[in-house]
Amino acid sequence: MKEYADLRLTVASSPHVSSPVGTRALMLDVLIALVPALCMGVFFFGPRALVLTAVSVLGCEVFEGGYRILLKKPQSGGDLSAAVTGLLLAFVCPVGMPLWTVLVGDFFAMVVVKQLFGGLGKNFLNPALAGRAFLALSYASSLTGWVKPGTKYWIELGQTGADVVSAATPMADLQSGVLPWLGSSEASMRDMFYGNVGGCIGEVSALALLLGGAYLIFRGVIHPRIPTAYLGTVAALAFLFPQGNDPVDWMLCQLLGGGVMLGALFMATDYVTSPSTPLGGWLFGVGCGLLTMFLRRFGGGPEGVSYAILLMNLCVPVLEKHTLPGQYGRKRNGKKTGKGGETA
């Protein structure tokens, strides 16, 4: 019996099957998938895009680590979730935003939205989008200073994009009901696909985001149901309601412009704030698409992706409650159910 002397019985709740794929591995895949979009942002907006992104990532790591030190909780920086949040928050900000402003967004995302609700896995809103929404409400001017692509520069810490070289964005034209190449942005379909347009750092290049999304799907990190439902709904509504423009051109511009690609592939697919049931995922994606197009058409601003996803985040508990498959033997409407939830 000596060989069993050091063995201990461990009692824990399910699941009991371990997996080599952990949080760190998943977050690392997301970071890899975001690299093409970051490279395109730096290419079109200059090294300031890399500086702002690095500051955002560092800010998220520091705020999360500092909070957990103050509350004497185990450190979680090694799971890379804070780095992903910092990168995504920088992606939805213009390159000319003052660095201190993005740090305010980092604090709100990491401390208020994530840590105060229990940390990773317990937040009910997407931290990066919540941080962006907070900045839009508190420092709106910092989020409207669009920089002309192709301008290579280092912006001083106190400057905004409007102080350097301002430019119109395709979304401003679309809000006016005009195709970008006929409006003030003069952006062609090719410009919107590659990213040679004014906008936020990480959302301008549809090509880079599609490459990153394909990588995540190939690696099994995300399921294509939410992006398919989201982009499909946006495409269908844009095609059916082109506002007097060519339906195909209008549909493609709505898909390539703004943050739809970034939102559908990287924001809406967040494990914590999206439904875990298949039907719930489809409904979630459709809801995001409907709200995005509604806000773009009738909202006060040209974009609606952030608020659409945040509103659908709040609906996730309801979606999961009503789309869970029936449990074997569970009574439904007073009747016993059989295998797969079918009424016996």
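Residues numbered from 1 in each chain as written. Predicted model: local features only at pLDDT ≥ 70, side-chain atom pairs only at ≥ 80, totals over all residues. Heavy atoms only, no water.

**Comments concerning the environment of Pro 180**
Okay, step 1: Here Pro 180 is to be found in the loop between helix H6 (170-175) and helix H7 (189-194).
Okay, step 2: A relative accessible area of 0% means that Pro 180 is categorised as buried.
Okay, step 3: Taking C-alpha positions, Pro 180 is 9.2 Å from Met 192, a pair spaced 12 residues apart along the chain.
Okay, step 4: Discounting residues that sit within four places of it in the chain, Pro 180 has contacts with Pro 170, Asp 173, Leu 174, Ser 185, Glu 186, Ala 187, Met 192 and Cys 253. (Helix = DSSP H or I, 4+ residues; strand = E, 2+ residues; numbered from the N terminus. Buried < 20%, exposed > 50% of the residue type's maximum accessible area, 1.4 Å probe, protein only. Contact = heavy atoms within 4.5 Å.)

**Points about helix H8 (residues 206-219)**
Since there are 3.6 residues in each turn of an α-helix, residues three or four apart along the chain are aligned in direction.
Okay, step 1: Under the 1.5 Å per step criterion, the end-to-end length of H8 is 20 Å for 14 residues, consistent within 8% with the ideal 20 Å.
Okay, step 2: Residues of H8 that are buried: Ala 206, Ala 208, Leu 209, Gly 212, Gly 213 and Leu 216. The buried residues of H8 occupy an angular sector of 160 degrees when projected down its axis, which confines them to one face. Residues of H8 that are exposed and point more than 90 degrees away from the buried face comprise Leu 211 and Phe 218.
Okay, step 3: On its buried face, H8 sits against helix H1 (23-45), H7, helix H10 (247-256) and helix H11 (260-267). (Expected span 1.5 Å × (residues − 1). Arc of directions from axis to C-beta.)

**Some words on the pattern of salt bridges**
Okay, step 1: Counted by the stated rule, this structure contains three salt bridges.
Okay, step 2: The shortest N-O distance in the salt bridge between Lys 114 and Glu 64 comes to 2.9 Å. Residue Lys 114 is found in helix H4 (residues 99-114), and its partner Glu 64 is found in helix H2 (residues 48-70); the two are separated by 50 residues along the sequence. An identical accessibility class is assigned to Lys 114 and Glu 64; each is buried.
Okay, step 3: Between Glu 303 and Arg 296 there is a salt bridge, and its shortest N-O distance comes to 2.8 Å. (Salt bridge = Lys/Arg side-chain N within 4 Å of Asp/Glu carboxyl O.)

**Here we look at H10**
Okay, step 1: For H10, the complete set of buried residues consists of Trp 250, Met 251, Cys 253, Gln 254, Leu 255 and Leu 256.
Okay, step 2: The elements touched by buried residues of H10 are H6, H7, H8, helix H9 (225-240), H11 and helix H12 (278-298).
Okay, step 3: One side-chain oxygen of the residue at the start of H10 lies 3.2 Å from the amide nitrogen of Val 248, identifying that residue as Asp 246.
Okay, step 4: Once H10 finishes, Gly 258 follows within two positions and takes phi at roughly 70 degrees, a positive value. (Polar contact = N/O pair within 3.5 Å; in protein donor to acceptor, adjacent residues only side chain to side chain.)

Just geometry here; none of it tells us what the structure is for.
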